[in-house]
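Descriptive analysis of the structure
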2 protein chains.
Amino acid sequence: MQTLTPSLADTLAENLAETLRQRRQQLAERVPFPVMLWSGGDQPRNFPANVYPYRASSHFLYFAGLPLANAAIRLEAGRLTLFMDDATETEALWHGPSQTRQQVAEQIGADAAYPLAAQAAGLQGAAVLWAQMGAFQQMVALLRAQEVDLAQALAGKVADNLALAQAIVQLRMIQDEGAIAQLRQAAKVSIEAHQAGMAVTAQAQTEAQVRAAMEAVITANNMACAYGSIVTVHGEVLHNHHYHNPLQPGDLLLADVGAETETGWAADITRTWPVSGQFSSSQRDLYEIVLAAHDACIDQVKPGVEYRSLHLLACRTIAEGLVDLGILKGQPDSLVEQDAHALFFPHGVGHLLGLDVHDMEDLGDLAGYAAGRERSDRFGLSFLRLDRPLEAGMVVTIEPGFYQVPALLNQPERRRQYEDMVNWERLAQFADVRGIRIEDDVRVTAAGAEVLTAALPTAATAIEAQVHR
Amino acid sequence: MQTLTPSLADTLAENLAETLRQRRQQLAERVPFPVMLWSGGDQPRNFPANVYPYRASSHFLYFAGLPLANAAIRLEAGRLTLFMDDATETEALWHGPSQTRQQVAEQIGADAAYPLAAQAAGLQGAAVLWAQMGAFQQMVALLRAQEVDLAQALAGKVADNLALAQAIVQLRMIQDEGAIAQLRQAAKVSIEAHQAGMAVTAQAQTEAQVRAAMEAVITANNMACAYGSIVTVHGEVLHNHHYHNPLQPGDLLLADVGAETETGWAADITRTWPVSGQFSSSQRDLYEIVLAAHDACIDQVKPGVEYRSLHLLACRTIAEGLVDLGILKGQPDSLVEQDAHALFFPHGVGHLLGLDVHDMEDLGDLAGYAAGRERSDRFGLSFLRLDRPLEAGMVVTIEPGFYQVPALLNQPERRRQYEDMVNWERLAQFADVRGIRIEDDVRVTAAGAEVLTAALPTAATAIEAQVHR
Ligand SMILES: [Mn+2]
Ligand SMILES: [Mn+2]
């Protein structure tokens, strides 16, 4: 079982039970049936006893508050029932003292607490999430040793699934104070990680060395990486999880690195900086365009604004900038309608952020897309992960970018389609820009955007100063 | 798909195909039937697209050499057939260029290479490992999208399982030159990690900060942690994966941290050092006993020696030392026969090391225990992971320790049992020693032990010098 650092446990204890009580209350207002959620357990790496760092299910964490393993909770009419087993004598010998079921129950404000084997009864009449089937199957396997057949008890429960998922989306989408406090902690440590990355760049020879310095800040703070870090001079590889490239003086280094607190809340920050400490003029020109898109979107953030319109604003800002630089030819609005921007900005401007870095993506587009909306087939819109009106309390990322992806720019079909909209000779003058992205975490408030990651500068000169110091 | 750092790929390319050819040849001499092995694929963390760092199956890595994902190999009479799909256009867009099936086939010396869908035929008549069922199930799920039903093709194959597992154990247990080269690389980086940990201790406030400095060395070298690091001032918690404790001047810090190369080969090193840079006299007394056990075992390593006898040698050395210190009372041999040593040394003296940190533990005790042998019920022997005569080419750890585990020492039954063998008042004078372990990685050669991790000193004064520097 995972136990928390004592300092964090103390901090949480003050408010945790009350935070969880309010979440349960809000759930009870939305669903009339009981709900079962599972934490999941360790995942083997190369053999059963050698496991990956444990991560509890986000749905469980939202309502149970602590990264318990091999646990279940039942929520009904605002009541919380905890199911977990106390550590055996052998477990205590090898893993040290851990909190008892009773101690955990008090910490999270549970109304009742039982051994795991009792949950078969707790499952009667309860709704469950399809996305929790992995965690449920782990529980089934665990209880088989106790000769409890949980699979039987689940039969016929999946019908309530969608209503429950929709209710949980509504809750988790609006971040309460407890959530915001955690998101701020994740942001703070992630900012320090980026500062460390910039500071070490002058003496680093490889991407791996910069990554190591950044992740060391996260590890030193007893946090985990919220996702696989991207630290690369090939920012045009959008999901790049290699770190072997040498750093060359003319390179831009793109770092997309975020921390996750012990109770599971994420940050997601990208900065792009010149290895040499100074942007070339072509790099600076394109950096300023991405930054303009970033700032324009954040300026527009407020309740009621469609996130999709922010995406289109980013697209138009980038298209305008590229027209001004002579890379694109035509009217910005028309270029965006024809998805010409997507040659250079082929992803969405961001996503929900919370317990998951792409929050609730385990529920497909249920969280990302408002009821009745579906992903577009359009080249320039299909990768948009969020299409909803903003609401106060949402936390989203804003992360426009500019990339030269050879696989995209050299695709014969695209090349023909956009032949006349791109000045390819002019583009060739920007060959030292492979990828730029600027990403911040933004809380939607009635007064507009609150940038949780604002302490990390975005201005080109400020970035240069941090790399140089 | 995982691709290697270019430098490593170059190094490997020279010898990899030949190394793999020899491994296949040796397998063919032991099993008359074809064999299928799977790599496995990404494991989701909190949602499907947010995955843990990929680790290929060790059995696959041994015969395929590269950390491919979503791949299969068939081995038959020394021939290697590779099954993998080339990256799609979309994958290339998001993940960047990767090696083609044909390129990989050349690199690993495959005799033939086909798309994944072709493996249903390749599975005919082939033996598989039970321990690979997880990787196989992932492949089944992957191929379902291609409307290939692999589960059908597997029916009835599990019977050949034990003979295959035994053959693979025989092969993997004796580390060839390719393996040793990798194990040396893992050892080298792990040694640097421990040096970094010692060097940072003076300025660190928490366990987490020391852990961060150690793992940063591993990350900076493009390696992974071979297992969850233990970095703690509570060394008596044998499987301690928390890092929140503050470092106090009188504490001993126990660090069990090892790197794993990109192709999967592990190191496993433990050192214990004083936070202040100087052992107290009680700490030094007990440290010297553990070191004496460590050195005595390594001195005895040679082909033909029973590993179990090394374990008992460590037990007797520790018992002798504790009698000399006045902590245990009686004859050392008699104390060991009654498992009194196990009050303070409750684990085995080590294990096989290779692609897995506990090599081939996914096969249960098939690798660890010679045919016909079983784990003992004895308190002092039940945790022994290896009970075989040593053979030239084996790599094992030697890791004696001394711990004061409250859950063990205060257990009423044990307390009564050992009441007269322990001088509890004398023991109380060693309260500043909670846990000490000294662990090295040892290759068995005809000439005796070759300590792969010997560049990291074990002497108390040398340890003090490294913490102080
Ligand atoms: Mn993001
Ligand atoms: Mn070990």
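Treat the numbers as computed from the prediction; the structure is a model and nothing was measured.

Further remarks concern the overall build of chain A. Scanning chain A from N- to C-terminus turns up 17 helices and 16 strands. On C-alpha atoms alone, chain A measures out to a radius of gyration of 24 Å, which is about the 23 Å that the 2.2 N^0.38 rule sets for 469 residues. Contacts in chain A between residues far apart in sequence, at least 24 positions, make up 75% of those at least 6 positions apart. Approximately 17,400 Å² of chain A is accessible, and the part contributed by carbon and sulfur atoms is 49%.

Looking now at the coordination of the manganese ion (ligand 2). All names here are of chain B. At this site the manganese ion (ligand 2) is bound by Asp268 (OD), His351 (NE2), Glu399 (OE) and Glu439 (OE), with donor distances of 2.0 to 2.4 Å. Counting residues between consecutive donors of the manganese ion (ligand 2) along the chain gives the motif D-x82-H-x47-E-x39-E. Remark: Glu439 occurs in the loop between strand S14 (435-437) and strand S15 (440-445) and His351 occurs in the loop between helix H13 (332-337) and strand S12 (395-398); sequence separation between them is 88 residues. One exposure class covers both His351 and Glu439, and it is buried.

Glancing now at the UniProt feature "domain: Aminopeptidase P N-terminal" (unreviewed entry) in chain A. Those residues carrying the UniProt feature "domain: Aminopeptidase P N-terminal" (unreviewed entry) are residues 15-140 of chain A in this numbering. What you have in residues 15-140 of chain A is 40% helix and 18% strand, and the ends, taken at the C-alpha atoms, are 33 Å apart.

What follows covers the coordination of the manganese ion (ligand 1). Residues and elements named next belong to chain A. Surrounding the manganese ion (ligand 1) are the protein donor atoms Asp268 (OD), His351 (NE2), Glu399 (OE) and Glu439 (OE), at 2.0 to 2.3 Å. Mapped onto the sequence, the residues coordinating the manganese ion (ligand 1) show the spacing D-x82-H-x47-E-x39-E. In this pair, Asp268 sits in the loop between strand S10 (259-260) and strand S11 (269-274) while Glu439 sits in the loop between strand S14 (435-437) and strand S15 (440-445), placing the two residues 171 residues apart along the sequence. Of the two residues, Asp268 and Glu439, neither departs from the other in class, the shared state being buried.

Strands belonging to one sheet form pairs held by backbone hydrogen bonds; the direction of such a pair is parallel or antiparallel. Residues and elements named next belong to chain A. If you trace the four strands from one edge of the open sheet to the other, you get S1-S4-S5-S6, paired in mixed fashion. Bordering the open sheet on either side are strand S1 (35-38) and strand S6 (112-114), each of which pairs with just one other strand. Taking each pair of neighbouring strands and ignoring which way they run, the sheet shows an average axis angle of 20°. Across five bridges, strand S4 (residues 72-76) lies against strand S5 (residues 79-83) in antiparallel orientation. Paired with Ile73 across the strands is Leu82, a residue of S5.

A word on helix H11 (residues 281-300) of chain B. Its 20 residues place the ends of H11(B) 29 Å apart at the C-alpha level, agreeing with the 28 Å of an ideal helix rising 1.5 Å per residue. What H11(B) keeps buried is the set Ser282(B), Gln283(B), Leu286(B), Tyr287(B), Ile289(B), Val290(B), Leu291(B), Ala293(B), His294(B), Cys297(B) and Ile298(B).

Relative orientation of the contacting elements helix H10 (residues 207-220) of chain A and helix H10 (residues 207-220) of chain B amounts to 160°, with a least axis distance of 8 Å. Regarding the angle of H10(A) to H10(B), the classification is roughly antiparallel. The handedness of the crossing between H10(A) and H10(B) comes out as right-handed. Facing H10(A), whose interface residues are Ala208(A), Gln209(A), Arg211(A), Ala212(A), Glu215(A), Ala216(A), Thr219(A) and Ala220(A), H10(B) presents Ala208(B), Gln209(B), Arg211(B), Ala212(B), Glu215(B), Ala216(B), Thr219(B) and Ala220(B).

Now for the sheet that holds S11(A). Residues and elements named next belong to chain A. Ordered in space as S8-S9-S11, the three strands form an open sheet in which the pairing is antiparallel. With one partner strand each, in any of the chains shown, strand S8 (230-232) and S11 form the two edges of the open sheet. On average, adjacent strands in this sheet sit at an angle of 10° to one another, irrespective of strand direction. The pairing of S8 with strand S9 (residues 252-257) spans three bridges and is classified as antiparallel. Paired with Thr232 across the bridge in S9 is Leu254. Where helix H9 (residues 177-200) meets the sheet, it contacts S9 and S11, and its direction lies at approximately 15° from that of S11.

This part is about the side chain of Thr81(A). Residues and elements named next belong to chain A. As for its placement among the helices and strands, Thr81 is situated in strand S5. Accessibility expressed as a relative area gives 10% for Thr81, which makes it buried. Sequence-distant contacts of Thr81, that is, excluding residues within four places in its chain, are made with Ala72, Ile73, Arg74, Ala112 and Tyr114.

What follows concerns the interface of chain A and chain B. At the interface, 59 residues of chain A touch 59 residues of chain B. For the pair chain A and chain B, the summed buried area comes to about 4,600 Å², and 60% of that belongs to carbon and sulfur atoms. In this assembly, chain A and chain B are joined by two salt bridges. The residue Glu260(A) makes a salt bridge to Arg45(B) at a minimum N-O spacing of 2.7 Å. Applying the counting rule to chain A against chain B returns 16 residue pairs in polar contact (both at pLDDT 80 or more). Of all the elements in the fold, those that place two or more residues in the side of chain A that touches chain B are strand S2 (44-47), helix H3 (89-95), H10, strand S7 (224-225) and helix H14 (406-409) of chain A. No other element matches the eight residues that H10(A) contributes to the side of chain A that touches chain B. Of the residues that constitute the side of chain A that touches chain B, the class distribution is 29 nonpolar, 20 polar and ten charged.

Each copy superposes on the other: chain A lies on chain B with an RMSD of 0.0 Å after a rotation of 180° and an axial shift of 0.0 Å. Taken together, the rotation and translation relating the two chain copies correspond to the operation of a two-fold axis. Taking C-alpha positions as reference, the residue of chain A nearest the rotation axis is Ala216(A), located at 2.9 Å.

Summed over the entire model, instances satisfying the criterion amount to zero disulfides over all chains. For the unlinked cysteine Cys225(A), the closest cysteine sulfur is that of Cys225(B), found at 11 Å. Owing to a relative accessible area of 23%, Cys225(A) belongs among the partly exposed residues under this scheme.

Another aspect to go through is the domain arrangement of chain A. Residue and element names in this part refer to chain A. Domains assigned within chain A are domain 1 (6-173) and domain 2 (177-466). Using C-alpha coordinates to define each centre, domain 1 is positioned 34 Å away from domain 2. Applying the counting criterion to the domain 1 and domain 2 interface returns seven residue pairs in polar contact (both at pLDDT 80 or more). Of all the secondary structure elements, the ones that give two or more residues to the side of domain 1 that touches domain 2 are helix H1 (6-30), helix H2 (58-64) and helix H8 (161-173). Looking at the side of domain 1 that touches domain 2 residue by residue, the class counts come to eleven nonpolar, six polar and three charged.

With that settled, consider the side chain of Arg74(B). All names here are of chain B. Structurally, Arg74 can be placed in strand S4 (residues 72-76). Given the relative accessible area of 14%, Arg74 is considered buried. A polar atom in the side chain of Arg74 sits 2.7 Å from the side chain of Glu76. For Arg74, the contacting residues outside a window of four places in its chain are Pro34, Val35, Met36, Arg79, Leu80, Thr81, Phe83, Gly122, Leu123, Gln124 and Ala126.

Residue and element names in this part refer to chain B. One can describe the packing of helix H9 (residues 177-201) onto helix H17 (residues 460-468) by two numbers: an axis separation of 6 Å at closest approach and a directional angle of 65°. Along the contact surface, H9 presents Gln195, Met198, Ala199 and Thr201, while H17 presents Ile463, Gln466 and Val467. Tallied by class, the residues present in the contact of H9 with H17 amount to four nonpolar, three polar and no charged.

Below, the discussion takes up the packing of aromatic side chains. Scanning the model with the defined rule gives 17 aromatic pairs over all chains in all. Note on Trp94(A) and Phe383(B): the rings are 4.5 Å apart at their centroids and 70° apart in plane angle, and the pair reads as edge-to-face. Here Trp94(A) is found in helix H3, whereas its partner Phe383(B) is found in the loop between H13 and S12 on a different chain. Taken together, the ring pairs connect Tyr62(A), Phe63(A) and Trp265(A) into an aromatic cluster. Sitting over the ring of Tyr62(B), Arg23(B) keeps its end group 4.3 Å from the ring centre. The lysine or arginine in question, Arg415(B), covers the ring of Trp424(B), its NZ or CZ lying 3.7 Å from the ring centre.

Moving on, we come to the pattern of salt bridges. Tallied over the full model, the rule gives 48 salt bridges over all chains. Note that Arg437(B) is salt-bridged to Asp256(B), the shortest N-O span being 2.9 Å. On the criterion of sequence distance, the pair formed by Arg437(B) in strand S14 and Asp256(B) in strand S9 (residues 252-257) is long-range, its members being 181 residues apart. This pair shows no difference in class: Arg437(B) is buried, exactly as Asp256(B) is. One salt-bridge network, held together by shared partners, links Glu306(A), Arg308(A), Arg373(A) and Asp387(A).

Analysis parameters
- Residues numbered from 1 in each chain as written.
- Chains lettered and ligands numbered in written order.
- Predicted model: local features only at pLDDT ≥ 70, side-chain atom pairs only at ≥ 80, totals over all residues.
- Heavy atoms only, no water.
- Helix = DSSP H or I, 4+ residues; strand = E, 2+ residues; numbered from the N terminus.
- Rg over C-alpha atoms; globule rule 2.2 N^0.38 Å.
- Contact = heavy atoms within 4.5 Å.
- Areas by Shrake-Rupley, 256 points an atom, 1.4 Å probe, with all protein chains shown as cover.
- Donors = N, O, S within 2.8 Å, 3.2 Å for Na, K, Ca; no water.
- Buried < 20%, exposed > 50% of the residue type's maximum accessible area, 1.4 Å probe, protein only.
- UniProt positions renumbered as here; feature names shortened; annotations may be inferred.
- Pairing = 2+ DSSP bridges.
- Axes fitted to C-alpha atoms, helices over the stretch in contact; angles between N-to-C directions.
- Expected span 1.5 Å × (residues − 1).
- Parallel < 35°, antiparallel > 145°, perpendicular 65-115°, else oblique.
- Left-handed = near helix turned anticlockwise from the far one by under 90°.
- Buried area = accessible area lost by both parts, 1.4 Å probe.
- Salt bridge = Lys/Arg side-chain N within 4 Å of Asp/Glu carboxyl O.
- Polar contact = N/O pair within 3.5 Å; in protein donor to acceptor, adjacent residues only side chain to side chain.
- Nonpolar A, V, L, I, M, F, W, Y, C, P; charged D, E, K, R; others polar.
- Least-squares fit on C-alpha atoms with pLDDT ≥ 70 in both.
- Disulfide = S-S within 2.5 Å.
- Domains from an automatic or database assignment.
- Phe/Tyr/Trp six-rings, centres within 6.5 Å; stacked < 30°, edge-to-face > 60°.
- Lys NZ or Arg CZ within 6 Å of the ring centre and 35° of its normal.

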